[in-house]
Amino acid sequence: MKTIRPATYEKWAQLAQKELRGRSVDDLVRELGELEIRPAYFADDVPASAAGEMPGVAPFTRGVRASMYANRPWTIRQYAGFSTARESNAFYRKNLAGGQKGLSVAFDLATHRGYDSDHPRVVGDVGKAGVAIDSIEDMKILFQDIPLDRMSVSMTMNGAVIPVLAMFVGAAAESGVAAKDLSGTIQNDVLKEFMVRNTYIYPPEPSMRIVGDVIEYCTREMPRFNSISISGYHMHEAGATAMQELAFTLADGMEYVRAAQKKGLDIDRFAGQLSFFFGIGMNFFVEIAKLRAARQLWAGIMTDLGARNPRSLMLRTHCQTSGVSLTEQDPNNNIVRTAFEALAAVLGGTQSLHTNSFDEAIALPTDFSARIARNTQLILQNETGVCDVVDPLGGSYYVEALTASLVAGAAEIIARVEAEGGMTRAVERGLPKEQIERAAAARQTRVDRGEDVIVGVNRFMLEEEEPIDIREIDNAAVRREQVARLEDIRRTRDAGAVARALKAVRSAARSKTENLLPAAIDAARVRATLGEISQALEDVFGRHEAQTRVISGVFADAYRDDPEYSSLQERIRVLAQERGRPPAIFIAKMGQDGHDRGAKVIATAFSDLGFTVHFGALFETAAEVAAHVADMDVDAVGVSSLAAGHKVLVPELIGLLRDKGMGDIPVIVGGVIPESDYPFLLEAGVAGIFGPGTNVLQAAFSVLNLIEGKRSNQ
């Protein structure tokens, strides 16, 4: 099979149809991009072109370098950040001393969403899921005693990419390192934020302008720095199939290349600064084939977009083992899961890798669990022999056939996206988001029904779980420290210089041609805060507010003949007849946590069962949720929490409901909640807690029992 080149929709579709034996794109979409796996594969299943492919030669199916790990192993790049810049800096230096080769910075949700730590909307978010960065002073502390001219730094930042990159460049300059000497990566992938992760700030059009500005600035001023990391990882974590992750990620990449070309940049000049980021799950051989297929497809895409330099056709990627495959139940199993996923990433040919810690289904990793995660990679590199041979699975009937199937299927999906007018248009219309949400819901039904086995969750369960130590972040203490530093900066800086610098940022935003980064760097260096620079851009661009939609039919189809499901539907039907309306639930996402996979799955399931489901807007405060509940006739409130804000926001919500005379409405909490937090939440008035791995039907039964119990007490 030749490399796919997306010159036209028809060309893509013709080749894809041949490979998929006549199935249509609509069939493919309905099947959610799942691959059909056979019990055995033979030589006839392998494309003839596979035999002639070489490592280090386009289309790079067998790897981007001829020698791959035999010459130099992949980079161990652990993603970390929590609490304050000072604590994160100490954690980084300890890991670097232990063998880690590069830094990967996790920012807290307040930073992602462009808010300073003293903003009222981020009370429960500061320092919780990453490090809080409010100013260039925080950035200087974060990298203190780390040689930025010799250390590669990756930063997962999208929404607030302008102020964060400005502060990084400014902090480096104040430590004596010029922008041209910095190496690393900024994620800068905003399209996937509108699809799955939701840490956007501005609407799609100005967000895409920001992407182009960052690529342009890095191309001209930071030649060693990757200006974008095009991420499939977050699609993977939101429930995308391997085929969907592959297709939508590469379609995003096409859109970003076109955005840079519109800036007048030569594709061969910036192509080397593009990188990718894929999630690696438990379907071992499929994940290997996914990385091989990605390289093959990207070589064709870049050729058709005008690249002439062979190196421009290379897809370079970082990978991270799956977070969603980690389980709260019997969590030591996660060590094994992560090791298999890491091996898949390596056999697939990743250039750098993060391995998750076994306790991350519950909380941020401890030093103990982080050491195991890092050593997993050290053992792979030094004890298994995987570095000795280039592409050891090349030529495997199964792996080559999977690679070809993924190339063909992803081509079909990309052809559909191209027919929509490109990825920005497809995202605006909600096409990728809906497909991923359907895939996530379908996956949940298979787990709940035991069709997909999860050891320790739906089979081979422990009778009693042993508690494990977790890392606790004192959110209130972190916020006090950040607020104090902000107050000190505002008191000692030149207020006039800050005002002039922020005016220049707004002027650059209004301009159609001026790059935003120089003005933002100037503002950061006179001590304008992250929130102030973000607000200056928001004054011009506005802030994006997503429209939430709940899909339907997935659970109803999966449970069509299930007696337990039918029994629950009948209880809901009888209750609806008795009271003149179905039972109603309000599902809330409070704080700046935009990860809504769990909330959307619950909303879909409850809606299919017969509940009236009200899904609140993302990023609401407890006061806003309480006001919605007061305006609606609801029987229960479900709060989804994945970023550790529940100990602050849920008690606040319960108190507000009581103040409004609605204290009898049960509040249920679900998501990533450590069992050690259960007593606190129950004491605060929470009526039910559903941790990771909860069976959705069991959750629905529990909620219905709470609603019926409330009615019997009235």
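Residues numbered from 1 in each chain as written. Predicted model: local features only at pLDDT ≥ 70, side-chain atom pairs only at ≥ 80, totals over all residues. Heavy atoms only, no water.

A.B. asks: Sorry, what's going on with the layout of surface pockets here?
C.D. replies: With a probe scaled to a water molecule rolled over the atoms, the places where space remains empty come into view. The calculated volume of the second largest pocket comes to roughly 680 Å³. Every residue lining the second largest pocket is counted, 20 residues in all, and those nearest its centre are E205, P206, M208, R209 and K262. For the lining of the second largest pocket, the secondary-structure elements that each account for two or more residues are α8 (204–221), α10 (242–262), α16 (423–429), α19 (495–510) and α21 (530–541). Ranked by the residues each element gives to the lining of the second largest pocket, the list is headed by α8, at five residues. A class-by-class count of the residues in the lining of the second largest pocket yields six nonpolar, four polar and 10 charged. (1 Å grid on protein atoms, 1.4 Å probe; cavity = no way out; pocket = protein on both sides within 12 Å on 5 of 7 lines; lining within 4 Å. Points joined across faces, edges and corners; volume = space filled by probe spheres on them. Helix = DSSP H or I, 4+ residues; strand = E, 2+ residues; numbered from the N terminus. Nonpolar A, V, L, I, M, F, W, Y, C, P; charged D, E, K, R; others polar.)

A.B. asks: Looking at this model, I keep getting lost on the sheet that holds strand β13 (residues 667–671). Mind explaining?
C.D. replies: Two modes of strand pairing occur in sheets, parallel and antiparallel, and in both the strands are linked by backbone hydrogen bonds. Taken together, the five strands give an open sheet; going across it, the order is β11-β10-β12-β13-β14, and neighbouring strands pair in parallel fashion. Edge positions in the sheet fall to β11 (612–615) and β14 (688–690), since each has one partner strand and no second. Each adjacent strand pair in this sheet contributes to an overall mean axis angle of 20°, direction not counted. Two strands pair when backbone bridges link them, and β13 and β14 are joined in this way by three bridges, in the parallel orientation. Across the sheet, residue I668 finds its bridge partner in β14, namely G688. In the packing of helix α24 (residues 597–609) onto the sheet, the strands contacted are β10 (584–588), β11 and β12 (636–641), and the crossing angle to β11 comes to about 155°. (Pairing = 2+ DSSP bridges. Axes fitted to C-alpha atoms, helices over the stretch in contact; angles between N-to-C directions. Contact = heavy atoms within 4.5 Å.)

A.B. asks: What am I meant to see in the packing of aromatic side chains here?
C.D. replies: Aromatic ring pairs are defined here through the distance separating the ring centres and the angle between the ring planes. Within the structure shown, the criterion is met by 16 aromatic pairs. An angle of 70° between the planes, with centres 5.1 Å apart, marks the rings of Y69 and W74 as edge-to-face. According to the relative accessible area criterion, Y69 is buried, its value standing at 7%. Owing to a relative accessible area of 3%, W74 belongs among the buried residues under this scheme. A connected cluster of aromatic rings, assembled from ring pairs, spans Y41, F284, F285 and Y398. Note that R449 overlies the ring of Y559, its terminal NZ or CZ placed 5.0 Å from the centroid. (Phe/Tyr/Trp six-rings, centres within 6.5 Å; stacked < 30°, edge-to-face > 60°. Buried < 20%, exposed > 50% of the residue type's maximum accessible area, 1.4 Å probe, protein only. Lys NZ or Arg CZ within 6 Å of the ring centre and 35° of its normal.)

A.B. asks: Hey, could you run me through the side chain of N188 in this one?
C.D. replies: Tracing the chain through its elements places N188 in the loop between β4 (184–186) and α7 (191–197). Taking relative accessible area as the criterion, N188 reaches 1% and is therefore assigned buried. There is a polar contact of 3.4 Å between the side chain of N188 and the backbone oxygen of V211. Not counting chain neighbours up to four residues away, the residues in contact with N188 comprise M157, N158, V161, I210, V211, V214, I215, S227 and I228. (Polar contact = N/O pair within 3.5 Å; in protein donor to acceptor, adjacent residues only side chain to side chain.)

A.B. asks: Where do I start with the confidence of the model for the chain in this structure?
C.D. replies: Do not read the fine detail of predicted coordinates wherever pLDDT is low. Per-chain confidence: the chain averages 90 in pLDDT, with 94% of residues scoring 70 or above. With pLDDT under 50 throughout, residues 1–13 is counted as low confidence; its partners more than four residues away or in other chains account for 46 contacts. pLDDT under 50 marks residues 18–32. Its contacts with residues more than four places away, or in other chains, come to 26 contacts. (pLDDT = per-residue confidence, 0-100.)

A.B. asks: Mind showing me how you'd approach the nonpolar core here?
C.D. replies: Most often, soluble globular proteins keep nonpolar side chains buried together rather than apart. Of all hydrophobic cores here, the largest spans 81 residues; its most connected members are W74, L250, W298 and M302. With 12 residues, the single largest contributor to this core is α10. In this structure W74 touches Y69, V346, T350, Q351, S352, L353, Q377, L380, Q381, V386 and C387, once residues within four positions along its chain are discounted. The next biggest cluster of nonpolar side chains, apart from the first, holds 71 residues, and it includes F91, M157, F225 and A536. (Core = buried A, V, L, I, M, F, W, Y, C linked by side-chain atoms within 4.5 Å.)

A.B. asks: It is not clear to me how the environment of L656 should be interpreted in this structure. Could you clarify?
C.D. replies: Mapping L656 onto the fold places it in helix α26 (residues 646–659). Ignoring any residue separated from it by four or fewer positions in sequence, one finds L656 in contact with A622, A623 and A626.

A.B. asks: Teacher, can you tell me more about the pairing of β12 here?
C.D. replies: As a general feature of sheets, a regular strand has side chains that alternate between the two faces. With six of six residues buried, β12 is to be regarded as a mostly interior element. Both faces of β12 are covered, namely the face carrying A636, G638 and S640 and the face carrying V637, V639 and S641. Looking at chain direction, β10 and β12 are connected through four bridges and run parallel. Along β12, the bridge assignment pairs A588 with V639. In terms of strand pairing, β12 meets β13 through five bridges, oriented parallel. Pairing of S640 across the sheet is with G670, part of β13.

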